Amino acid sequence: MPQIRVVNVSKRYGSLTVLEHVSLNVEDGEYVSIIGPSGCGKTTLLRCVAGIIDPTEGEIYVDDKSLVGVPPEKRNIGYMFQEIALFPHMNARENAGYGPRVRGLSRRRVRTMAGEALEMVKMSERSEDYPNELSGGARQKVALARAVGSAPSVLLLDEPLGSLDASVRLSLRMELRRLAKELGLTAIHVTHDQEEAMSISDRIVIMRAGRVVEVGKPQNLYLDPRQIFTANFLGEANFMRARLMATGENGAILDVGGEELNIESRTVPRDSVVAIRPQFIRITKRQVEGSGWRGKIAEKTFLGDVVRFQVNLENGFKITAQMPPTAQDVDADVGDEVSANFQRDKLLTFPCPTEGLEKELSAW
Amino acid sequence: MPSIRLISVTKRFKDNVALDRASLNVRSGEYVCVLGPTGSGKTTLLRVIAGLTQPDSGQLLIDGKSVDEMGPEDRGTAYVPQQYALFPHLTVLQNVAFSPLAKGYKKAEAFEIARKVLQTVKLAHREGAFPSELSGGMQQRVTLARGIASGARLLLLDEPLGALDARLRMELRTELRRIAKDLSLTAIHVTHDQKEAMSIADTIVVLKDGNIQQTGSPFHLYQDPASIFVSSFVGGSNFLPGVVVGIEGTNSLVELRDGIRIRVHQRSHRRGEPVILSVRQELTILRNHADEKENAIPGEIRGTSFVGDAIEYDVELDNRETVKCKVPSYYVSEGSLPFQTGERVFVTIDPHDCNLYSEPPLGLAKELEAF
């Protein structure tokens, strides 16, 4: 079973640096997603592992064997692209058997492997259909069958669901994970969809401008990110400049826009940034003294599973809060005077970026 | 601020009916999202309004006037496609000024118009940049600015955010609405992303197989979906087949598989009729204990998936049906999730949160796999 190791890989095109000293370990059988804004180098990194692009420097190992100089077809890697790239003149079974066929396996063996691959993606009934007879989702399943049809040990997926409808994407993404796990494949999945990455990955790699920003389990990256960029890119958050006032037994007190905020952490720099995700804020209509920050609802949007509020706080900050439709006081409306209460264990603190918070948040 | 009226518009491509007697009223200044899966006819609908596709039958009125005599250029529409198509050799300002120039405005006037529009889309500071120097989101804003600078009062947006990052899409979608509202434009925005539609539309039009399934406000569509399709496509729902076994006042008593009985605040079907009970995933509530009075079904958590603002639990009920429950991550405490895979739970449903539908003629599975 393969373990992938990317060691200090850089890729330059002339003066343009696309990857800058990227290192990454993917464990045997692990499902890892890479996310980041367009142009962050995530696809380039995937292509380096696939052997389609040669890194300018650095090493890539699969099971401690260096891949440098090994042509793509000898890497035992299944690769699936965003654009559905099935051969139009071949039916689903022939497409699925393409890998084994070019490797020169017997016709019978090719047929068996293609049949098995189609069964895995639940497309056996459509094996005689040509690509133009299949829906987008069905075509993508055949493409997946083709990627796993050559019995690889590593599966590389580049925006495999990117060209599909939101609703189809939802149902297919769990299929991808299930299949990779069933076959014991080590998978690297590049996506621009944060929710997709969180729902299917064992770990997520966050990239920005050719570098790895942070790596971790979805839940940890979301609830306890180390970087402002992660907090902002994976989900969303309200960010506020803060100043440390005092540290005590049970945490610290911050000055945020002239108001005090108690936090659990005690290791906060003097100039810091405090962040809270919209769904960890509760709006209440009652204004009990000392409970939450006072403000006025400026905007309210109904999204179905959640209701979003823009609140102009009296301390000058404008924040977004998000509550489920079942929450108390969800009927508060535009113009209402409210209090905003933060969940204390969900507050995040970061050192204030040297180039300023604004710049850090607008960086992509 | 034009209003639009479609009366029974049909468009066929060979054997394929792209639009089937579609009727629609769009008020002046309204922001309308047309929502549907690939192949549902939403782009055809947009192209018919733009004058890029001729309908086979039916009528289209813009501001009460039939468009029969109007070419695409006379309709006052700006068509913004998914892939930004800017002139690469022109600067942002020149791209936006292109249409006013072509209309015969003097250079200084055209640039003034362009600068004003660029301010609206918050790109005034990049007027000298070339498209290749801009991010995808910025390029899409320039494309929009170019459409607006043409003097169009009606924006036709065809998956305008489809090519962008999820995170960027979220930011830009509210911008789109703000710009349309600030300039009092009427907008028709085609998308397959229900979250996008829910967040910015005054009115959502749901299309399937060329048929308009339902038209209404986001709240209305969420609260009272007209069909199983709308219920599953706009927000996620659980569907459980059952039979009406009793009527009590304004409630129906529905028996699910294995004799489990659920009280539903709706009287729409007769006793003995097979029905599909639907309930939103976020209103399918998980509990450790159940109260006798509640609609409570015991089950076991089979899968846990953390998606950021929520945790999605796959639950196998004791009657072997499966449901998905969405629990806000607000209930994560000190880093640990409220429920774990393998845990025994009760799934509870408020009678007011259920909808009943007649059993689809080809069965539930067929109805749900249709997209």
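Computed from a predicted structure; not experimentally measured. (Residues numbered from 1 in each chain as written. Chains lettered and ligands numbered in written order. Predicted model: local features only at pLDDT ≥ 70, side-chain atom pairs only at ≥ 80, totals over all residues.)

Q: Please provide a residue-by-residue account of the packing of helix H2 (residues 92-102) of chain B against helix H3 (residues 107-120) of chain B, values included.
A: Residues and elements named next belong to chain B. Put simply, H2 and H3 touch, their axes get as near as 8 Å, and they point 120° apart. As summarised for this structure, H2 and H3 are arranged oblique, according to the angle between their axes. Between H2 and H3 lies a crossing whose hand is right-handed. Listed contacts from H3 to Val92, Leu93, Val96, Ala97, Pro100 and Leu101 of H2 are Lys107, Glu109, Ala110, Phe111, Ile113, Ala114, Val117 and Leu118. When its residues are assigned to classes, the contact of H2 with H3 shows twelve nonpolar, no polar and two charged. (Axes fitted to C-alpha atoms, helices over the stretch in contact; angles between N-to-C directions. Helix = DSSP H or I, 4+ residues; strand = E, 2+ residues; numbered from the N terminus. Parallel < 35°, antiparallel > 145°, perpendicular 65-115°, else oblique. Left-handed = near helix turned anticlockwise from the far one by under 90°. Contact = placed C-beta atoms within 7 Å. Nonpolar A, V, L, I, M, F, W, Y, C, P; charged D, E, K, R; others polar.)

Q: Provide a residue-level description of the domain arrangement of chain B, including the pertinent values.
A: You can read the domains of chain B as domain 1 (4-228) and domain 2 (236-369). When each unit is reduced to the centre of its C-alpha atoms, the spacing between domain 1 of chain B and domain 2 of chain B is 38 Å. (Domains from an automatic or database assignment.)

Q: Run through the sheet that holds strand E7 (residues 154-158) of chain B, naming residues and quoting values.
A: All names here are of chain B. If you trace the six strands from one edge of the open sheet to the other, you get E6-E7-E8-E3-E9-E10, paired in mixed fashion. For this open sheet the edge positions go to strand E6 (77-80) and strand E10 (211-216), each flanked by a neighbour on one side alone. Pairs of neighbouring strands in the sheet enclose a mean axial angle of 15°, with direction left out of account. Judged from the five bridges that link them, strand E9 (residues 203-208) and E10 form a sheet pairing that is antiparallel. In the sheet register, Val206 faces E10, and the bridge partner there is Gln214. (Pairing = 2+ DSSP bridges.)

Q: Outline the pairing of strand E13 (residues 259-263) of chain A, supporting the account with residue identities and numerical values.
A: All names here are of chain A. Inspection of the sheet shows strand E12 (residues 251-256) paired to E13 by five bridges, in the antiparallel sense. In the strand pairing of E13, Ala252 is matched with Ile263. Hairpin geometry of E12 and E13 is characterised by an intervening segment of two residues between the two adjacent antiparallel strands and by a positive phi of about 55° at Gly257.

Q: Mind laying out the environment of Leu357 of chain A, listing which residues take part and the relevant values?
A: Residue and element names in this part refer to chain A. Within the secondary structure, Leu357 is located in helix H10 (residues 357-361). On a C-alpha basis, the gap between Leu357 and Val307 in space is 27 Å, while along the polypeptide they are 50 residues apart. Setting aside residues no more than four positions away along its own chain, Leu357 makes contact with Phe239, Arg241, Val273 and Cys352.

Q: Break down the nonpolar core for me, with residues and values.
A: With 202 residues, the main nonpolar core has Ala145 of chain A together with Val34, Val96, Ala145 and Leu155 of chain B as its most contacted residues. Apart from the residues lying within four places of it in its own chain, the contact partners of Val96 of chain B are Ala114, Val117, Leu118, Val142, Ala145, Arg146 and Ala149 of chain B. (Core = buried A, V, L, I, M, F, W, Y, C linked by C-beta atoms within 7 Å. Buried ≥ 20, exposed ≤ 12 C-beta atoms within 10 Å, placed from the backbone.)

Q: Break down the interface of chain B and chain A for me, with residues and values.
A: Tallying the contact residues gives 35 residues for chain B and 30 residues for chain A. If you list the elements that add at least two residues to the side of chain B that touches chain A, you get helix H5 (166-182), helix H6 (194-200), helix H7 (218-223), strand E16 (295-306) and strand E18 (322-328) of chain B. When residues in the side of chain B that touches chain A are grouped by element, the largest group, four residues, is from H6 of chain B. Grouping the amino acids of the side of chain B that touches chain A by side-chain chemistry returns 14 nonpolar, twelve polar and nine charged.

Q: So what's going on with the packing of H2 of chain B against helix H4 (residues 136-149) of chain B? Residues and values would help.
A: Residue and element names in this part refer to chain B. The interhelical angle for the contact between H2 and H4, taken along N-to-C directions, is 25°, at an axis separation of 7 Å. Considered as vectors, H2 and H4 are oriented roughly parallel to each other. When you trace H2 past H4, the crossing you get is right-handed. Within the contact between the two elements, H2 uses Val92, Asn95, Val96, Ala97, Phe98, Ser99 and Pro100 and H4 uses Val142, Ala145, Arg146 and Ala149. Across the contact of H2 with H4, the residue classes tally to eight nonpolar, two polar and one charged.

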